[in-house]
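Descriptive analysis of the structure
So you can see what is in the structure, the chains are spelled out below.
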Amino acid sequence: MSHHIIEKTNNEWQKVLTPEQYAVMRGKATEAPFTGAYYTTKEHGVYKCSACGNELFLSDAKYDSGTGWPSFDRPAAEDSVDTMPDTSDSMKRAEVVCSRCGAHLGHVF
């Protein structure tokens, strides 16, 4: 995993993120499927990290994976996100995080 440019304490993150954002982005919680504001969005533009503003994904990379979460087939730039192994919950998958601040973004299955 790369060194993150933005490092804050948990208390500092709690001051700038909503409780739900904090739970997902810092605590690795999972938003309920089919409920997120961006799940069905078809607007053209850039998806940015809610924590630090890093450009993560472009709208033309978004597709309907049927999972209930926004899904993308590639990052906005090669260095926009980092992935790391995640074997929690007895699963084998890759966690996707913001390369700038380390915020949890989701998983690659």
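About the thresholds
Residues numbered from 1 in each chain as written. Predicted model: local features only at pLDDT ≥ 70, side-chain atom pairs only at ≥ 80, totals over all residues. Heavy atoms only, no water. Helix = DSSP H or I, 4+ residues; strand = E, 2+ residues; numbered from the N terminus. Buried < 20%, exposed > 50% of the residue type's maximum accessible area, 1.4 Å probe, protein only. Contact = heavy atoms within 4.5 Å. Core = buried A, V, L, I, M, F, W, Y, C linked by side-chain atoms within 4.5 Å.

For Pro70, the location among the structural elements is in the loop between strand S3 (62-63) and strand S4 (71-72). Exposure remark for Pro70: the relative accessible area of 30% places this residue in the partly exposed category. Put simply, Pro70 and Pro33 are 37 residues apart on the chain and 9.3 Å apart in space, counted from C-alpha to C-alpha. Aside from chain neighbours lying at most four places away, what touches Pro70 is Tyr38, Tyr39 and Lys62.

On the secondary structure map, Ser59 appears in the loop between strand S2 (55-58) and S3. Ser59 gets classed as buried once you look at its relative accessible area, which sits at 16%. Excluding residues that lie within four positions of it along the chain, Ser59 makes contacts with Glu43, His44, Gly45 and Tyr47.

In terms of nonpolar packing, the biggest core is built from 17 residues, with Cys49, Ala51, Cys98, Cys101 and Ala103 touching the most fellow members. Contributing elements (two or more residues each) for this core: helix H2 (19-25), S2 and strand S6 (93-98). Residues contacting Cys49, with those up to four places away along its chain left out, are Met25, Asn54, Leu56, Cys98, Cys101 and Ala103.

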